[in-house]
Amino acid sequence: MADLKKMTDWEKLGKMIEDSSLDDKSHDVDETKLLAHLNSRIRGQDAILKDVARLVRLSWKKKDRNRPICSLLLLGPTGTGKTELAKALTEHLYGNEKDMLRFDCSELANADMAKSRLTGSSVGYQGSESGGQLTRPMFANPRRLILFDEIEKADPLVFDLLLQLMGDGRLTEQSSGKTADFTQAIIVLTSNAIAEEVAKATAGMKDYHEILNAIKTLLAEQKIFRPEILGRIDKVYQFKPLAGMVIAEIATLKIAKLGKEYGLEVEFVAPELLIQALEANLKVSKFGIRELERILFDIFAPSLAELRDKKEKKVAFEVDPSGKIVCRPG
Ligand SMILES: Nc1ncnc2c1ncn2[C@@H]1O[C@H](COP(=O)(O)OP(=O)(O)O)[C@@H](O)[C@H]1O
Ligand SMILES: [Mg+2]
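Small disclaimer: the values here were computed from a predicted structure and weren't measured.

Topic: the site of ligand 1
And then number 1: By nearness alone, 16 residues border ligand 1, and Arg 43, Gly 81, Lys 82, Thr 83 and Glu 84 come closest of all.
And then number 2: A total of three residues in the shell around ligand 1 trace back to one element, the largest contributor, which is helix H5 (residues 82-94).
And then number 3: Along the lines of polarity and charge, the residues of the shell around ligand 1 split into four nonpolar, seven polar and five charged.
And then number 4: Counting residues domain by domain, the shell around ligand 1 receives three or more from each of domain 1 (31-238) and domain 2 (244-329).

Some remarks on the environment of Arg 328
And then number 1: The topology assignment puts Arg 328 in strand S10 (residues 325-329).
And then number 2: Placed ten residues apart in sequence, Arg 328 and Glu 318 show a C-alpha to C-alpha distance of 7.3 Å.

A closer look at the nonpolar core
And then number 1: Judged by nonpolar contacts, the single largest core of 51 residues is most densely connected at Leu 38, Leu 74, Leu 145, Ile 186 and Val 188.
And then number 2: Dropping the residues within four chain positions of it, Leu 38 is found in contact with Leu 49, Val 52, Ala 53, Leu 85 and Ala 88.
And then number 3: Listed in part, the 19 residues of the second largest apolar core include Ile 255, Ile 295, Val 315 and Phe 317.

Structural notes on unusual backbone geometry
And then number 1: Positive phi, normally seen in glycine, also occurs at Glu 150, with a value near 50°.
And then number 2: Within the fold, Glu 150 resides in the loop between strand S3 (145-149) and helix H8 (156-168).
And then number 3: Classification of Glu 150 as partly exposed rests on a count of 19 C-beta atoms within 10 Å.
And then number 4: Phi is positive for Lys 311, close to 60°, though the residue is something other than glycine.
And then number 5: Structurally, Lys 311 can be placed in the loop between helix H14 (292-309) and strand S9 (314-319).

Overview of the sheet that holds strand S8 (residues 265-269)
And then number 1: Sheet architecture is open: three strands sit in the order S8-S9-S10, paired in mixed fashion. Edge positions in the open sheet fall to S8 and S10, since each of these has one partner strand only. Strand-to-strand, the axes of this sheet are offset by a mean angle of 25°, without reference to chain direction.
And then number 2: In this structure, S9 lies alongside S10, joined through five bridges in antiparallel fashion. Looking at the pairing, Phe 317 lines up with Cys 327 of S10.
And then number 3: Along the sheet, helix H12 (residues 244-261) makes contact with S8 and S9, crossing S8 at roughly 145°.
And then number 4: Seen against the sheet, helix H13 (residues 271-284) touches S8, S9 and S10 and runs at an angle of roughly 75° to S9.

Examining the pairing of S9
And then number 1: Bridge count between S8 and S9: four bridges; the pairing is parallel. Within S9, the position partnered with Glu 265 by the bridge is Lys 314.
And then number 2: Linking S9 back to S10 in an antiparallel pair, the connection comprises five residues, with Gly 323 at a positive phi of about 90°.

A look at the sheet that holds strand S1 (residues 70-75)
And then number 1: Taken together, the five strands give an open sheet; going across it, the order is S2-S3-S6-S1-S7, and neighbouring strands pair in parallel fashion. Since the sheet does not close on itself, it has two edges, and those belong to strand S2 (100-104) and strand S7 (235-238), each with one partner. When the angles between neighbouring strand axes are averaged without regard to direction, this sheet yields 20°.
And then number 2: With respect to the sheet, helix H10 (residues 208-221) is in contact with S1 and S7, its orientation differing from that of S7 by roughly 95°.

Focus: the domain arrangement of the protein chain
And then number 1: Segmenting the protein chain into domains produces domain 1 (31-238) and domain 2 (244-329).
And then number 2: The C-alpha centroid of domain 2 is placed 33 Å from the C-alpha centroid of domain 1.
And then number 3: Of the residues lining the interface, five residues belong to domain 1; the matching set on domain 2 comes to seven residues.
And then number 4: Among the residues making up the side of domain 1 that touches domain 2, the classes are represented as one nonpolar, three polar and one charged.

Criteria and thresholds
- Residues numbered from 1 in each chain as written.
- Chains lettered and ligands numbered in written order.
- Predicted model: local features only at pLDDT ≥ 70, side-chain atom pairs only at ≥ 80, totals over all residues.
- Near = placed C-beta within 6 Å.
- Helix = DSSP H or I, 4+ residues; strand = E, 2+ residues; numbered from the N terminus.
- Nonpolar A, V, L, I, M, F, W, Y, C, P; charged D, E, K, R; others polar.
- Domains from an automatic or database assignment.
- Core = buried A, V, L, I, M, F, W, Y, C linked by C-beta atoms within 7 Å.
- Buried ≥ 20, exposed ≤ 12 C-beta atoms within 10 Å, placed from the backbone.
- Contact = placed C-beta atoms within 7 Å.
- Pairing = 2+ DSSP bridges.
- Axes fitted to C-alpha atoms, helices over the stretch in contact; angles between N-to-C directions.

Given below as structure tokens:
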């Protein structure tokens with residue numbers, strides 16, 4: 001048999017491979033298109049979206065990577081667009097919102113359960129064939145965004161797993177011993193645990209690095225995250241509470257989406273109707289906009305359903321002098 005060592009100039013070949021795109025994990029992300037997509041879905045968090053789009057482009061451009069593409073920590077009050085950002089990133093970068101894996105960390109508060117849920121039960125235990133809910137989907141498709149919601153509620157063991165995942169870009173499944181690859185994944189952690197403290201501590205600060213340092217200090221002081229975890233997070237973003245005008249914009253986004261679900265293009269919505277919706281929303285949920293979608297459904301769905309029966313394609317929503325909804329087919 002030929003001596004493989006002599007069959008070629010390995011040293012030269014090694015250098016050539018290094019310079020080629022053979023081992024290349026890099027990927028070009030069009031930052032402008034990504035940002036446009038994020039802007040189309042998320043309102044009132046412009047500075048965050050801009051920075052995320054830039055970070056994703058720069059991180060994905062790296063040729064060698066033995067860690068996830070990037071790991072983000074999203075902080076801020078509930079209902080301000082954190083999960084929405086994770087979904088929008090997944091849709092644009094991986095092609096389908098369904099490629100997002102989402103874990104609610106309040107369900108990962110027990111060490112044994114968290115470990116078997118994420119990386120599978122040990123061999124011999126019930127359910128070991130089906131593998132982990134984190135590892136198994138990664139074997140099938142490693143191009144995913146992984147979202148850990150309310151991370152502060154997770155058992156410390158989950159942080160150990162995260163350290164491996166974010167540090168080495170790999171995690172071994174307990175049940176099969178196979179290793180899942182996370183070097184093409186984006187990791188997103190969210191928390192609304194110390195939203196108020198963070199808002200207070202950073203009030204008046206303008207400089208991004210100053211804000212970031214203040215947040216990191218606070219997270220470390222409050223022992224929410226171990227310093228090693230913070231060290232592996234590429235960026236921390238503080239989501240802002242949503243104000244009236246922004247909520248109105250989100251309402252129009254949601255009305256347009258609802259219209260589409262009925263096969264209709266909504267061309268116009270009278271401000272009076274938007275005010276009605278915002279006031280109804282304020283009554284049920286002083287903070288956030290979780291009820292907004294349901295309120296808009298109550299106001300607009302009956303007319304939309306009727307217009308669909310009439311095979312209309314476009315609609316404008318006006319009000320009559322008594323404040324009642326009037327729809328004008330386009
Ligand atoms: N900034 C925002 N822009 C657009 N929609 C938003 C925004 N914030 C919240 N929403 C909407 O409100 C709902 C809850 O938002 P979500 O992103 O899940 O909040 P959270 O910050 O608690 O993760 C979603 O339907 C989302 O579409
Ligand atoms: Mg959320």
